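Architecture at a glance
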Number of protein chains: 2
Amino acid sequence: MPLDENNYCVIMAGGVGSRFWPKSRTQCPKQFLDILGTGRTLIQQTFDRFRNICNPENIYVVTGEDYAEIVSEQLPELNKDNILCEPIRRNTAPCIAYASYKIFSKNPEAQIVVSPADHFVGDTRGFEETIKRGLQFIKFNTESFLTVGIIPTRPETGYGYIQIDSRIGEDPLAINEVTKVKLFTEKPILEMAKVFVSSKEFFWNAGIFLWSAKAIIEAFRTQQKEMAELFDSGLNVAYNTAQEKEFINSIYPQCHNISIDYGIMENYPDIYVIPALFPWSDLGTWGSLYENSQKDENQNAVAGTKVVAINSTGCIINTDSNLVVVDGLKDYIIAQSDKLLLIMPKANEQEIKNIVNNVKIKYGEQFA
Amino acid sequence: MPLDENNYCVIMAGGVGSRFWPKSRTQCPKQFLDILGTGRTLIQQTFDRFRNICNPENIYVVTGEDYAEIVSEQLPELNKDNILCEPIRRNTAPCIAYASYKIFSKNPEAQIVVSPADHFVGDTRGFEETIKRGLQFIKFNTESFLTVGIIPTRPETGYGYIQIDSRIGEDPLAINEVTKVKLFTEKPILEMAKVFVSSKEFFWNAGIFLWSAKAIIEAFRTQQKEMAELFDSGLNVAYNTAQEKEFINSIYPQCHNISIDYGIMENYPDIYVIPALFPWSDLGTWGSLYENSQKDENQNAVAGTKVVAINSTGCIINTDSNLVVVDGLKDYIIAQSDKLLLIMPKANEQEIKNIVNNVKIKYGEQFA
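Read on for an overview of the structure. By convention here, each chain's residues receive numbers from 1 onward along its written sequence. Here the convention is simple: chains get letters from A, ligands get numbers from 1, in the order in which they are written. Owing to the predicted nature of the model, reporting of local features is limited to residues with pLDDT of at least 70; listing and counting of side-chain atom pairs is limited to 80 or more, with chain, interface and lining totals taken over all residues. Based on all heavy atoms of the structure, the side-chain values leave hydrogens and waters out of the count.

So, the overall build of chain A
A tally of regular secondary structure across chain A gives 11 helices and 17 strands. When we talk radius of gyration, it's over C-alpha atoms, and the globule rule is simply 2.2 Å times the number of residues to the 0.38. Over its C-alpha atoms chain A spans a radius of gyration of 21 Å, differing by no more than 12% from the 21 Å that the globule rule assigns to 368 residues. Each principal axis of the C-alpha distribution contributes one length, and for chain A these read about 60 × 50 × 40 Å. To sort residues, take the accessible area from a 1.4 Å probe on protein chains only and compare it with the maximum for the residue type: under 20% means buried, over 50% means exposed, and anything in between is partly exposed. Buried residues in chain A amount to 57% of all 368 residues. Residue contacts are defined here by distance: any two heavy atoms, one from each residue, within 4.5 Å place the two residues in contact. When contacts within chain A are restricted to residue pairs at least 6 apart in sequence, those whose partners lie at least 24 apart make up 68%. Method for areas: the Shrake-Rupley scheme with a 1.4 Å probe, in which residue coverage is limited to the protein chains shown. As displayed, chain A offers around 16,000 Å² of accessible surface, 48% of which is attributable to carbon and sulfur atoms. In summary, the charge assignment counts Lys and Arg as positive and Asp and Glu as negative, without counting His or the chain termini. Just so you know, the charge point we use is NZ for Lys, CZ for Arg, CG for Asp and CD for Glu. A distance of 3 Å separates the average location of the 35 positive side-chain charges in chain A from that of its 46 negative side-chain charges. Helix and strand definitions here come from DSSP, where helices need a minimum of 4 consecutive H or I residues and strands a minimum of 2 consecutive E residues; each element is numbered from the N-terminal end.

Considerations on the sheet that holds strand β13 (residues 306-310) of chain B
Here, strands pair whenever DSSP counts at least two bridges between them. One open sheet accounts for 6 strands, arranged β12(A)-β14(A)-β16(A)-β17(A)-β15(B)-β13(B); its pairing is mixed. Looking at the sheet topology across the chains shown, the edges are occupied by β12 (301-303) of chain A together with β13 of chain B. In this sheet, neighbouring strand axes are inclined to one another by 5 degrees on average, regardless of whether the strands run parallel or antiparallel. As paired strands, strand β17 (residues 340-345) of chain A and strand β15 (residues 323-327) of chain B are joined by 4 bridges and run parallel to one another. Bridge pairing in β15 of chain B links Leu341 of chain A to Val324 of chain B. Axis angles are defined between N-to-C directions and span 0 to 180 degrees, where every axis is a line fitted to C-alpha atoms and, for a helix, only to the segment in contact.

Details of unusual backbone geometry
Residue and element names in this part refer to chain A. Note the cis peptide between Trp21 and Pro22, where omega equals 5 degrees. Mapped onto the fold, Pro22 is located in the loop between β1 (7-12) and α1 (42-50). One non-glycine residue with positive phi stands out, namely Leu283, at about 45 degrees. Position of Leu283 relative to the elements: it lies in the loop between β11 (280-281) and α10 (286-291). Positioned with a positive phi, Asp331 is a non-glycine residue whose angle comes to about 60 degrees. Residue placement: Asp331 occurs in the loop between β15 (323-327) and β16 (332-337). On the basis of relative accessibility, which here comes to 40%, the residue Asp331 falls in the partly exposed class.

A closer look at the packing of aromatic side chains
Residue and element names in this part refer to chain A. Side-chain rings of Phe, Tyr and Trp (the six-membered ring for Trp) are treated as a pair once their centres are within 6.5 Å; stacked means planes under 30 degrees apart, edge-to-face means over 60, and tilted covers the remaining angles. Inspection of every chain in the model, using the stated rule, returns 41 aromatic pairs over all chains. With centroids separated by 5.9 Å and ring planes inclined at 75 degrees, the aromatic side chains of Tyr363 and Phe367 adopt a geometry described as edge-to-face. The partly exposed category is assigned to Tyr363, whose relative accessible area is 22%. Through a chain of ring-to-ring contacts, three or more aromatic side chains come together here, namely Tyr98, Tyr101, Phe231, Tyr239, Phe247 and Tyr252. For a Lys NZ or an Arg CZ to count as sitting over a ring, it must be within 6 Å of the ring centre and within 35 degrees of the ring normal. Over the ring of Phe127 we find Arg49; its NZ or CZ atom is 5.3 Å from the centre of that ring.

Focus: the interface of chain A and chain B
Listed by partner, the interface residues are 31 residues for chain A and 31 residues for chain B. A carboxyl oxygen of Asp or Glu within 4 Å of a side-chain nitrogen of Lys or Arg is what we treat as a salt bridge. Summed over the shared surface of chain A and chain B, the result is 0 salt bridges. Polar contact is defined as a pair of N or O atoms within 3.5 Å, subject to the rule that within protein one atom must be able to donate a hydrogen and the other to accept it, and that residues adjacent in sequence are counted only when both atoms are side-chain atoms. At the boundary of chain A with chain B, the tally comes to 20 residue pairs in polar contact (both at pLDDT 80 or more). Elements that contribute at least two residues to the side of chain A that touches chain B include exactly β13 (306-310), β15, β16, β17 and α11 (352-363) of chain A. When residues are grouped by polarity, Ala, Val, Leu, Ile, Met, Phe, Trp, Tyr, Cys and Pro land in nonpolar, Asp, Glu, Lys and Arg in charged, and all others, Gly among them, in polar. Within the side of chain A that touches chain B, the residues separate by chemical class into 21 nonpolar, 6 polar and 4 charged.

Here's the deal with the pattern of salt bridges
Residue and element names in this part refer to chain B. For the coordinates displayed, the defined rule picks out 32 salt bridges over all chains. Between Arg40 and Asp48 there is a salt bridge whose closest N-O contact spans 2.7 Å. Relative accessible area serves as the criterion here: at 31%, Arg40 is assigned to the partly exposed category. Given the relative accessible area of 30%, Asp48 is considered partly exposed.

A short note on the relation of the copies chain A and chain B
One copy of the chain maps onto the second through a rotation about an axis and a displacement along it. Only residues with pLDDT of at least 70 in both copies count here: their C-alpha atoms drive the least-squares fit that superposes the copies. For the match of chain A to chain B, the screw axis carries a shift of 0.0 Å, the RMSD comes to 0.1 Å, and the turn is 180 degrees. Such a combination of rotation and displacement between the chain copies is what one expects of a two-fold axis. The share of interface residues of chain A whose copies in chain B are also at the interface is 100%, consistent with both copies meeting through the same surface.

As structure tokens, then:
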């Protein structure tokens, strides 16, 4: 069956995360790493997942100027014109506005899936099914937004939550299990997260959004007037022309630095959520990487290296070395890249960001 | 004051130790590493120590064929003809016989200091003074052998011991504190080592020997007749000629594989010991390396890298990395070289040899 020509995908690949230091670096953030040791980097896996959802020429990647080349190298099938460069980092709202206006200029009937480049999806078929159902939903509900909700398995404080009006799985009115969203909430404290999970009224927000190009642009016009005016000024003159780059470089720095969640979603009246039919993680920490990696007989998650583990269990071992001998380490991160070595208990991983910042101040940018 | 032209030095640099894996490798044993992070490798430091004892053209290095080039690179002042290549590993007796015959052929009045290439000496002046006193002693006692004895500081089971007839420091007959040796003993068990140390009758055997070329050759003729016959056959025809290499290659494999201690010293009737006026270690283990390294404010011994140590003390950190972040490790070895990484409690260091052997069997020679 040919893919719907109106289906588009926008992969957001602008992150510069430092929590996976020293594997992820300013020069090579997480999305460009094969952090799970599968043979494909995270952005490659994300691209792969959309191959059966929309035509490759309808896949767009938004990233920083500095990463355009690495995107092009890692995704040789991607049309070079489909790499959208942010001249400056401005959070997700301007990024999505740019892609939406560009796609709308090409195809006003476009329906768009927006997805982060660096998340883990455990079941490609389940993903495809969820997204295809979602696209079907917005085809017939052209003004609605749809988000993908992950059914929580623990009171995670690292994710945003989506509250629904009913209890998960109990809404008799749900079309294909799609449910109306009541509220988006930021990352909660632990006590609140426990309440959320036990209430069964909350999903995790996976940051995957589906909407028609028309609807999202209208939402910008209503809720982010200044930003919409900037992007509107390019319609019929700039998008998909030789002037596009210059145009974007001139307007982008004037955009508010604001997230799509805060800038649009929280106040949009017509949002639905579809439950994910796949295991998911934002891979935000070494711990979540460990959870989503294959483990060897000692429950160590080892990528790309030979390991001799003596009295060592529960470790993440991710290095450039050909061989690692490790003795007496339980639940440790052992990560090494580009002559930077980290050995740290998994439990302390939240310290990494501070350490890297201090290292940068003390020793210079080249270590970050 | 010009140096005595009859003073010679033989540096034994044939070791292939694996106990410092992965820093020391078959391709680059310990003597060729700057394992202490001083800016000079151990063989360079050994060479430096002899610069004020004998003329550079009187310094010889015996090593394996495979290491001749690295010796030449690391010691550019060394005459290339002074690098003696063992065609096959045959322990210290043949090595010393070769050097002794070669030097004797050049200068029958030579007095020779034999020294390992890879030991730690903490005080170059004390070393010079000890060796110069020793050379003075054998100058007037031409048939005597002299060994350097280290006054023990702990019941070490990793060293051989030298027993004297009196108690250390209490012999009224000692000339410049030189004392007659009663017995050489192999590495003792702990109980025995404790008795040795408390008796004050025992020195550690540092493997540094002084003798006249004549006396050591005579000793070979008496105690290692077959070996001496092989080397005697080269006198006046092979040593210091274009035929030397071919000659050595033909006789060397016929030599017994025997140490100088076992083959000569243990039965030689006329041996003395001079106490070392310098701190010493054979640097045989990571632990002894730690003891003899400079420590930072966290009592970590760090060589050649920036380290962020969090709750980490008593560690040896010796890697190729530019920066190491280590959290929660006490008394660990963190060593890395050529894409091989070792993280192990210092207390388990005796396991390294077995691990490397197993790795070699399982994964191949390239990891050893």
